[in-house]
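Fold and geometry: a report
Okay, here's what each chain looks like letter by letter:
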Amino acid sequence: MSRYFSSTHALSDGGRFLIVGLPGTKLTQEQIETIRDVQPAGFIFFSRNLENPVAFRNLVDTLRSLLNHEPILTIDQEGGRVSRLKVFGSEPPSAKDLGEKGDIALLRTHGELTGKLLRLFGLNYNLAPVLDFETAEQEHNSLKGRTFAANPQSVCSFAKAFIEGIHSQGILCCGKHFPGYSFAQCDPHLELPQVFKTKKELEAYEWVPFKNLQYLCDSFMIAHIRNLNLDPEGLPASLSFRTIHDVLRKEWNYTKLLLSDDIDMGAIIHHYSLKDTLELSLKAGIDLLLLCHRFPLIREAASILSSLPETIKEAAWQRIENFRKRLAPPLPFSLSEFQSIDSEIYSLREKVLGKERAKLRAPEDGKRSPVEIY
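Each chain has its residues counted from 1, following the order in which its sequence is written. Restriction of local features to residues with pLDDT of at least 70 applies here, the model being predicted, together with a cutoff of 80 or more for giving and counting side-chain atom pairs; totals for whole chains, interfaces and linings are based on all residues. Hydrogens are left out, water is left out, and the side-chain values use all remaining heavy atoms of the structure.

**What to know about the overall build of the protein**
- Summing up its helical and strand segments, the protein has 16 helices and eleven strands in all.
- Overall size of the protein, expressed as C-alpha extent along the three principal axes, is 60 × 50 × 35 Å.
- Buried positions account for 60% of the 374 residues belonging to the protein.
- In this description, contact between two residues means that some pair of their heavy atoms is separated by no more than 4.5 Å. At a minimum sequence separation of 6, the contacts of the protein that also span at least 24 residues come to 80%. Each helix is a run of H or I in the DSSP string that is no shorter than four residues. Each strand is a run of E no shorter than two, and both are numbered from the N terminus. Note on classification: 1.4 Å probe, protein chains only; a residue is buried when its accessible area is under 20% of the maximum for its type, exposed when over 50%, partly exposed between these limits.

**Describing the side chain of Ser 83**
- Along the polypeptide, Ser 83 turns up in strand β5 (residues 82-83).
- Given the relative accessible area of 2%, Ser 83 is considered buried.
- Each polar contact in these results corresponds to two N or O atoms within 3.5 Å; when the atoms are within protein, one needs to be able to donate a hydrogen and the other to accept it, and residues that are neighboring in sequence are counted only if both atoms are side-chain atoms. Only 3.1 Å separates the side chain of Ser 83 from the backbone nitrogen of Gly 79, close enough to count as a polar contact.
- Ignoring anything within four residues of it in the chain, the contact list for Ser 83 reads Asp 76, Gln 77, Glu 78 and Pro 92.

**Some remarks on the sheet that holds strand β7 (residues 172-173)**
- A sheet is described by the order of its strands in space; here six strands give the open sequence β7-β6-β3-β2-β1-β11, paired in parallel fashion. For this open sheet the edge positions go to β7 and β11 (289-291), each flanked by a neighbour on one side alone.
- Sheet topology note: the strand β2 (residues 42-45)/strand β3 (residues 72-75) ladder contains four bridges and is parallel. Bridging from a neighbouring strand, Ile 44 pairs with Thr 74 of β3.
- Strands β1 (18-21) and β11 of the sheet are contacted by helix α12 (residues 298-306), whose axis makes an angle of about 170 degrees with β1. Strands are labelled as partners when DSSP assigns at least two bridges between them. Interaxial angle, 0 to 180 degrees, is taken between N-to-C directions of lines fitted to C-alpha atoms, where a helix line uses only the stretch in contact.

**Points about α12**
- By the burial criterion, the buried members of α12 are Ile 298, Ala 301, Ala 302, Ile 304, Leu 305 and Ser 306.
- Packing partners of the buried residues in α12 comprise α1 (10-15), β1, α2 (29-38), α11 (274-284), β11 and α13 (310-324).

**Examining the environment of Thr 277**
- Tracing the chain through its elements places Thr 277 in helix α11.
- Residues Thr 277 and Gly 234, spaced 43 residues apart in sequence, show a C-alpha to C-alpha distance of 14 Å.
- Apart from residues no more than four positions distant in its own chain, Thr 277 is found in contact with Leu 239, Ile 263, Ile 268 and Tyr 272.

**With respect to unusual backbone geometry**
- Here Ala 128 and Pro 129 are connected by a cis peptide whose omega angle stands at 10 degrees.
- Along the chain, Pro 129 falls in the loop between β6 (125-126) and α6 (152-167).
- The linkage connecting Lys 176 with the following residue, His 177, adopts the cis geometry, with an omega of 15 degrees.
- Looking at where His 177 falls in the secondary structure, it is placed in strand β8 (residues 175-178).

**Topic: α6**
- Under the convention used throughout, the expected extent of a helix is 1.5 Å for every residue step, that is, one less than its residue count. Counted at 1.5 Å a residue, the expected span for α6 with its 16 residues is 22 Å, and the 22 Å between its end C-alpha atoms agrees.
- All buried positions along α6 are accounted for by Pro 152, Val 155, Cys 156, Phe 158, Ala 159, Ala 161, Phe 162, Ile 163, Gly 165 and Ile 166.
- Those residues of α6 that are buried lie in contact with α4 (95-101), α5 (104-120), β6, β7 and α8 (208-213).

**Focus on the sheet that holds strand β9 (residues 219-222)**
- Taken in spatial order, the three strands of this open sheet run β8-β9-β10, and their pairing is parallel. Only two strands of the sheet have a single neighbouring strand rather than two, namely β8 and β10 (257-260). Neighbour-to-neighbour, the strand axes of the sheet open up by a mean angle of 30 degrees, direction not taken into account.
- Bridge count for β8 against β9 is two bridges, and the pairing is parallel. Along β9, the bridge assignment pairs Phe 178 with Ile 222.

**A look at the pairing of β1**
- Across the two faces of β1 the burial is the same, with Leu 18 and Val 20 and Ile 19 and Gly 21 all buried.
- Relative to β11, β1 runs parallel, the two sharing three bridges. Among the inter-strand pairings, Val 20 is bridged to a residue of β11, identified as Leu 291.
- Across three bridges, β1 lies against β2 in parallel orientation. Looking at β2, one finds that Gly 21 is bridged to Ile 44.
- If the strands point away from the viewer and the path from the first strand over the helix to the second runs clockwise, then the crossover is right-handed. Traced from β1 through α2 to β2, the parallel crossover comes out right-handed.

**Observations regarding empty space enclosed by the protein**
- Points on a 1 Å grid over protein atoms alone make up a cavity when a 1.4 Å probe fits among them but cannot get out, and a pocket when they form an open set with protein on both sides within 12 Å along at least five of seven lines; lining residues each have an atom within 4 Å of a point. Grid points are joined across faces, edges and corners, and a volume is the space filled by probe spheres set on the points. Summed over the entire model, instances satisfying the criterion amount to four cavities of 30 Å³ or more.
- Put simply, the largest cavity is a space of about 150 Å³.
- Lining of the largest cavity is provided by 20 residues; of these, Asp 76, His 189, Asp 261, Met 265 and Val 371 occupy positions nearest its centre.
- Class assignment of the residues belonging to the lining of the largest cavity gives a composition of ten nonpolar, three polar and seven charged.
- Considering only enclosed or pocket space, the second largest cavity measures out at about 60 Å³ in volume. For this scheme, ten residues count as nonpolar: Ala, Val, Leu, Ile, Met, Phe, Trp, Tyr, Cys and Pro. Four count as charged, namely Asp, Glu, Lys and Arg, and the remainder, Gly too, count as polar.

Structure (structure tokens):
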């Protein structure tokens, strides 16, 4: 029997469904006590948590020591502008640049190097690849430069190579963002987008990469996007029983892990209470919730989740446990090994972009999304 179920502590009972973000590079005593009490499923890291390679690995090891279970330790390391670890290292080529190059071997190498880097820092799960595709709307939503191609078939080929590479290093992956942000006309970090595609249209286009790669992906991330053709009540996909249970769980028979996009995004916090968000998500069939930017709320969130019916929690918990069994243990840290991997990443960048373009990082062109500055 799980350690969680042998405990009567309400916070740790609810905490097992949360992946939380931390405010900075170091932990206060109060934060340490909160983590020990809540026992979250794991942690997600952002640029604000990254001081230098040694300090980051020390932070990861400290967090691991505070939990009574193997933690899920994750990050957004896609490539290009959404590459958290470029704070103290090289910026990997973006999905768009890799896709335009079109070299499957380089895409696989990108996955391998990403996996090596994450393992070195004690991480075990990457929130990548993006399975959305390139559209004109990317100028206004959060996907600019983050997609492999403009057609689903190419996205499938390129994402598959990346996943194979990252799997070769023991890192689990996440296909995102179902049911698709491709045609979102606003940034979900700021406001709730709406799309108007029929289910038939989605199946013919947006859902092709998710369908084709569902057996290779270790998890899917569910988007904060409204589509009245999927949920006539207007609930965003991340809160929608009709979208998650009826489509993914029932029609597709998808039994692996599902996690929400960050519930601290404007798409959610401007429209739904914390209580409604947590309850609707878990009841819909999501297993893990990302609470990335409001650390002071994790006690309240855990308490809310603990009050949900055991039948709902049991199903989600079993999927989390199945996922946890596959997490790779941390590797010993070595600064020289980091420098070696970082050098390989820069070499890959030159192969994809050429020597001159490789010197330039992702442009800051005034169209920035919170996705890259968190």
